[in-house]
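# Coordinate analysis (summary)
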Amino acid sequence: MPKQGDSATLDQTNRTNTPPMIRAATAADASALCAIYNHYVKTSTITFEDVPVCSDEMARRIVDVVGHLPWLVFEQDGQILGYAYATKWRARAAYRHTVESSVYVSHRHGRAGIGSGLYGALFPLLRERGVHTVIAGIALPNEASIAIHEQCGFRKIAHFSEVGRKFDQWIDVGNWQLML
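Each chain has its residues counted from 1, following the order in which its sequence is written. With the structure being a predicted model, the display of local features is reserved for residues of pLDDT at least 70 and the display and counting of side-chain atom pairs for 80 or more, all residues being used for whole-chain, interface and lining totals. Excluding hydrogens and water, the side-chain figures rest on all heavy atoms present in the structure.

### What about the packing of aromatic side chains?
Pairing of aromatic side chains here covers Phe, Tyr and the six-membered ring of Trp, requires ring centres within 6.5 Å, and sorts the geometry by plane angle: under 30 degrees stacked, over 60 edge-to-face, intermediate tilted. Counted under the stated rule, the structure contains ten aromatic pairs. An aromatic cluster is present here, built from Y37, Y40, W71, Y83, Y85 and Y104 joined pairwise through their rings.

### Structural notes on helix α2 (residues 30-43)
Along an α-helix, a turn takes 3.6 residues, which lines up residues three or four apart on a common side. The secondary structure listing takes helices from DSSP runs of H or I that are at least 4 residues long and strands from runs of E that are at least 2 residues long, numbered from the N terminus. Multiplying 1.5 Å by the helix residue count minus one yields the expected span of that helix. Across its 14 residues, α2 extends 20 Å between first and last C-alpha, which sits within 8% of the 20 Å expected from 1.5 Å per residue. Within α2, the axis deviates most sharply at Y37, by approximately 30°. Listed as buried for α2 are A30, L33, C34, I36, Y37, N38, Y40 and V41. We call two residues in contact when some of their heavy atoms are within 4.5 Å. Buried positions along α2 lie against α3 (55-66), β2 (71-76), β3 (79-88), β4 (98-105) and β6 (155-166). Two axes are fitted around each residue, one to the seven residues ending there and one to the seven starting there, and the angle between them is reported as the bend at that residue. A simple rule labels every residue: compare its accessible area, found with a 1.4 Å probe on the protein chains alone, to the largest value its type can have, and call it buried under 20%, exposed over 50%, or partly exposed in between.

### Section: the confidence of the model for the protein
Summary of the metric used: pLDDT quantifies the predictor's per-residue confidence within the range 0 to 100. Overall, the predicted model of the protein reaches an average pLDDT of 91, with 91% of residues at or above 70. Counting interchain partners and residues more than four positions distant, the pLDDT-below-50 stretch residues 1-14 has five contacts.

### Considerations on the pattern of salt bridges
For this document, the term salt bridge refers to a Lys or Arg side-chain nitrogen within 4 Å of an Asp or Glu carboxyl oxygen. Counting across every chain of the model gives six salt bridges. Note that R60 is salt-bridged to D64, the shortest N-O span being 2.4 Å. Of the two residues, R60 and D64 both sit in helix α3, four residues apart, roughly one turn of that helix. Because the salt bridges share partners, they merge into one network encompassing E49, E57, R60, R61 and D64.

### Considerations on unusual backbone geometry
With the exception of glycine, most residues fall at negative phi, and the peptide bonds are largely trans. Here L140 and P141 are connected by a cis peptide whose omega angle stands at 0°. Structurally, P141 can be placed in the loop between β5 (133-140) and α5 (143-151). For D77, which is not glycine, the phi dihedral falls at a positive 50°. When you line up the elements, D77 lands in the loop between β2 and β3. We classify D77 as partly exposed; its relative accessible area is 25%. In the Ramachandran plot, E162 falls in the positive-phi region, its phi being about 50° despite a non-glycine side chain. Mapped onto the fold, E162 is located in strand β6.

### Brief notes about the packing of α2 against α3
Simply put, an axis is a line fit to the C-alpha atoms, just over the touching stretch for a helix, and the angle between two N-to-C directions goes from 0 to 180 degrees. Following both chains from N to C, one finds α2 and α3 inclined at 105°, their axes separated by 8 Å at the closest point. Classed by the angle they form, the pair α2 and α3 counts as roughly perpendicular. Contacts between α2 and α3 pair A30, S31, L33, C34 and Y37 from the former with S55, M58, A59, R61 and I62 from the latter. When residue character is reported, Ala, Val, Leu, Ile, Met, Phe, Trp, Tyr, Cys and Pro are called nonpolar, Asp, Glu, Lys and Arg charged, and the others, Gly included, polar. Residues of the contact of α2 with α3, tallied by class, amount to seven nonpolar, two polar and one charged. The labels follow the angle: roughly parallel below 35 degrees, roughly antiparallel above 145, roughly perpendicular from 65 to 115, and oblique for the rest.

### Notes on the pairing of β6
DSSP calls a pair of strands paired once it identifies at least 2 bridges connecting them. Where β6 lies against strand β7 (residues 169-179), eight bridges are found, and the strand directions are antiparallel. Within the sheet, the bridge partner assigned to H159 lies in β7 and is G174. Hairpin connection, β6 to β7: the antiparallel pair is bridged by two residues, and F167 has positive phi, about 55°.

If you want it as structure tokens, here you go:
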């Protein structure tokens, strides 16, 4: 049992225990999103970026996306624990009903339903905008990402061998597709 003053006690007493909420991202969220994303940039191959993203760059990305498509954050007790968004899949006009989705969850809060909750909120917003197909590119191996995408109804449609290189290793990428 924690003693008075232990961090466990402080965590419990300082929490407001507000219910989680999913809301639209804003440029003001950039620092929190960088904290989530840059962990993966620095420690994994799930993103092909190899230099951490600064808050100004993340804010620019958010602004660019939210002008056309949704970018959502999962927030609990004033902390952003994950985010999901969609971007154009390809530039040509015939692809205008297809998007690429991304979801990132704090490495401290994986497998807590945050990613699937974000996708559950994102997909209806995409349908409202006339999106027909969602593509997810997954660097392989990545069992956690495969699991969330397949749980949300995606199915694997392609596998590209050795298309990325990070940390001195070749990385495969799989594409998963969801028809809305």
